[in-house]
Structures are given as structure tokens and as C-alpha cells.
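For reference, the chains in residue letters:
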Amino acid sequence: MSEFKKLVFSGVQPTGNLHLGNYLGAIRKFVALQDGNDCIYCVVDMHALTAQLVHDDLRGQIRSIAAAFIASGIDPVKNIVFNQSAVPQHAELAWIFNCVARIGWMNRMTQFKDKAGKDREQASLGLYAYPSLMAADILVYRGTHVPVGDDQKQHLELARDIAMKFNLDYAEHIRKAGYGIDITVGEEPVHAYFPMVEPLIDGPAPRVMSLRDGSKKMSKSDPSDLSRINLMDDADAISKKIRKAKTDPDGLPSEIDGLKGRPEADNLVGIYAALADKTKIDVLAEFGGQQFSVFKPALVDLAVNTLSPITGEMRRLMEDTSHIDAILKDGGERARARAEVTMNEVRDIVGFLG
Ligand code: TYM
């Protein structure tokens, strides 16, 4: 038995402003993972067309996500930073995966149901097939580890199902061509061409909630700007949003169990912990017994001190976009070369000529 070479892959959509949920659930983890790992971070611009076809400034949005990656500390030389449409092999593999995935699997995707809303007949075919393209994004590099927020868990389970079905259906072809390695999935030995991707979701803020309603995810599409902290917010806006964040009348508990049934308190403690690189237990050891009137100003200071250097650097990078464009171009070339190695083998496995 052997193992696939570890490769970290993740992506962020260039739709709307990045917020604290994107930063804590994803980008901050991307930064931490670059130490000692081979990492590829992608601005998934093709995904941006699935929910909304026409965008006023898609290029600007793509650049601003890349700027957020760089401003947060991702090294684009050591890692690969690029935009998805620069590597057409993603779409090519996605087509094959569309033929691997079953309609029944797609019908279970809760994010499609949420995004399509009531009038599902009017949703784009791209939105429906979205998770298949997402699987291709990762597997075209034979990616093994994927840092994401909790909302992407089901999509990554689907990526595993697609990889497994491809491996099993094409087992003979994979063996004959001399590709793939022997792995175990659960108890079962499998000769695999594609790895079983592992989601990296854990951490104190896998699902950052709205500041106005602890039962709703912090999201780009929430009509209330007070519900989220945007990465481009200035210190005043951050302070105002945290001061106005919904809480309950009690102070902070000293034990983690005391956060049960208190989603707003739990959310703010999780945000503090993630920003400070601590656990929620550490935060409660420090603030247990204190009122929100003490905790919120400490959270404002921490959020402003952490986010304002990133915001400042993003603004600077966006003033002259030639640097960002050069990073994306270089990343696109390196990503394309790697994706083509996989696609050459996949074409061979499937039986295409050429
Ligand atoms: P996207 O662009 O919606 O979000 C980018 C990342 O931010 C995370 N996230 C959150 N984490 C915690 N709390 C929140 N409130 C919150 N909101 C968003 C998301 O989980 C995600 O990690 N389908 C993906 C993009 C994608 C992708 C991929 C990801 C396309 N291909 C391949 C990984 C691998 C998406 O729409 O993310």
C-alpha cells in the first residue's frame, strides 16, 4: 500500500466582497498550510458564472481575491496562485466527471437547493453541475487536502464519490496503462488513480455566523451589511459592527459547555479564538465571567489589529494591478503544466485518441 503525495488545493469565488468567514474559514488556513506543503490556491472564476451570468467587473473581482491571498501572507512563488479559467483542463476533467457523477448524487446537494431557491427550473445547468467542476479543480492536480469552511463539506464528499467511482469503473484501464497506486479506502483495497480528498475544516471558526443572527451563516449575499465584517472594512466599520453584534444578556461562561444554546456568544468567542490562533477554551479561560461590554472592545482591537494590515496591503496591491496580473499569469502557466500531466493520463485511461 502506498499514499498519494500530499497536495493542498483550495479555491475562492470572485463574487462580492470577501468577509471574515472567508478569511477565518479558508484564507487564514491557506496561509498556515503553506509551511512544509505543496499548495495550490485558485480564484475560481468559472464558478462565478453559475449563479450570475453577467458581472460588472469580474476582472476586478478576480484581482481582489488574488490580492487578498497575497496580502494575507500567501507566497505566490513557493505556492501556485492562479485563476481557474487560465487552466482549461479544469473544464475538460469536469466534463468527464459530469459523466461519472449520478443525477441522484447531484440532487442531494443542499447548496444547490439553497442557491436555486424556489424556482429550480430557472437555475443554470452550471449551478447544478458546480460540485463536479469543484471536484475537477482539486483532482486535476490529484489534490489530497482541501482547507475549506464547513459549508463545503458535502461538496468534498461528492468529490470523494466521483474519485472512487472513476477509480473503480476504470480500474482495468488504470492498471493496464500502469498508472495509479494501491490504497485502502475504509477497509477496502483500491487501485486508485485519484486520491480520496480530505477536507480540512476543523478550527475554532469552521462556520462563522452572521453578527445579526447566530443561526445564519455569515455570507456575501446577506442583505444586511451589519451581518458581516468585510475584509475591506475600515477600523470604524469593524468597531461599529462588533459593538452592534447581537448577544444575549448573560456574561461569558468559563466553560465551553456554557456556550451551548447561545449561538451569538459562541460565534464571537470562535471569532476571537480564530483571530488569536487560540482555542475557545483559552478564550473562555481569559474572559469567563466578564460581560460583553468588556469582551467586545477586546474583540474590536484584535480584529482591527489583525485585519487592517491585510486591508491596507490589498488596497496597495489593487492600485497597480500589474503585479497581481503577473502573479496570476505565472501561476496559470505553472498550474497548466501540472494539470496537463494528469489530463494526458486521464485521456489515455478513458480511451481518447491523441
Ligand atoms: P466560497 O467562495 O463561497 O467561499 C470561500 C471559502 O470561504 C469559506 N466560507 C466560510 N467559512 C466559514 N464561515 C463562513 N461563514 C464562510 N463562508 C464562506 C468557504 O467554505 C470556502 O472555503 N465552492 C467553493 C469554491 C471552490 C473550491 C473548489 C473550494 C471551487 N472549487 C475546490 C475548494 C476546492 C465556494 O463557493 O467557496
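What counts as what
- Residues numbered from 1 in each chain as written.
- Predicted model: local features only at pLDDT ≥ 70, side-chain atom pairs only at ≥ 80, totals over all residues.
- Heavy atoms only, no water.
- Core = buried A, V, L, I, M, F, W, Y, C linked by side-chain atoms within 4.5 Å.
- Buried < 20%, exposed > 50% of the residue type's maximum accessible area, 1.4 Å probe, protein only.
- Helix = DSSP H or I, 4+ residues; strand = E, 2+ residues; numbered from the N terminus.
- Domains from an automatic or database assignment.
- Patch = residues over 30% accessible without salt bridge, like charges linked within 9 Å, V, L, I, M, F, W, Y side chains within 5 Å.
- Areas by Shrake-Rupley, 256 points an atom, 1.4 Å probe, with all protein chains shown as cover.
- Salt bridge = Lys/Arg side-chain N within 4 Å of Asp/Glu carboxyl O.
- Polar contact = N/O pair within 3.5 Å; in protein donor to acceptor, adjacent residues only side chain to side chain.
- Contact = heavy atoms within 4.5 Å.

(A) Local environment of the nonpolar core. Counting residues in hydrophobic clusters, the biggest one holds 60 residues, and the most contacted among them are Leu20, Tyr23, Leu24, Phe69, Ile271, Leu275 and Phe295. Broken down by element, this core gets its largest block of residues, 11 residues, from helix H12 (residues 292-319). Both domains that furnish three or more residues to this core are identified here as domain 1 (8-204 + 321-350) and domain 2 (225-317). Within the second largest apolar cluster, 56 residues are counted, among which are Val44, Phe82, Met164 and Tyr179.

(B) Broad picture of a nonpolar patch on the surface. A contiguous nonpolar patch, built from Leu49, Leu53 and Val54 and spanning about 320 Å² of accessible area, is present on the exposed surface. Its location among the elements puts Leu49 in the loop between strand E2 (39-43) and helix H2 (58-72). The exposure class of Leu49 is partly exposed, given its relative accessible area of 39%.

(C) Unusual backbone geometry, seen in detail. Here Arg142, not a glycine, exhibits a phi torsion of approximately 50 degrees, which is positive. On the secondary structure map, Arg142 appears in the loop between helix H6 (125-139) and strand E4 (145-147). The phi torsion at Asp277 lies on the positive side, around 55 degrees, for a residue other than glycine. Relative to the elements of secondary structure, Asp277 occurs in the loop between helix H10 (263-276) and helix H11 (280-287). Of the residues examined, Asp277 reaches a relative accessible area of 64% and is grouped as exposed.

(D) Just the side chain of Gln34, in detail. Note on placement: Gln34 falls in the loop between helix H1 (20-33) and E2. A distance of 2.7 Å separates a polar atom in the side chain of Gln34 from the backbone oxygen of Gly73. Excluding anything up to four places from it in sequence, Gln34 contacts Cys39, Tyr41, Gly73, Ile74, Asp75, Lys78 and Asn79.

On their own, these measurements won't tell you what the molecule is for.
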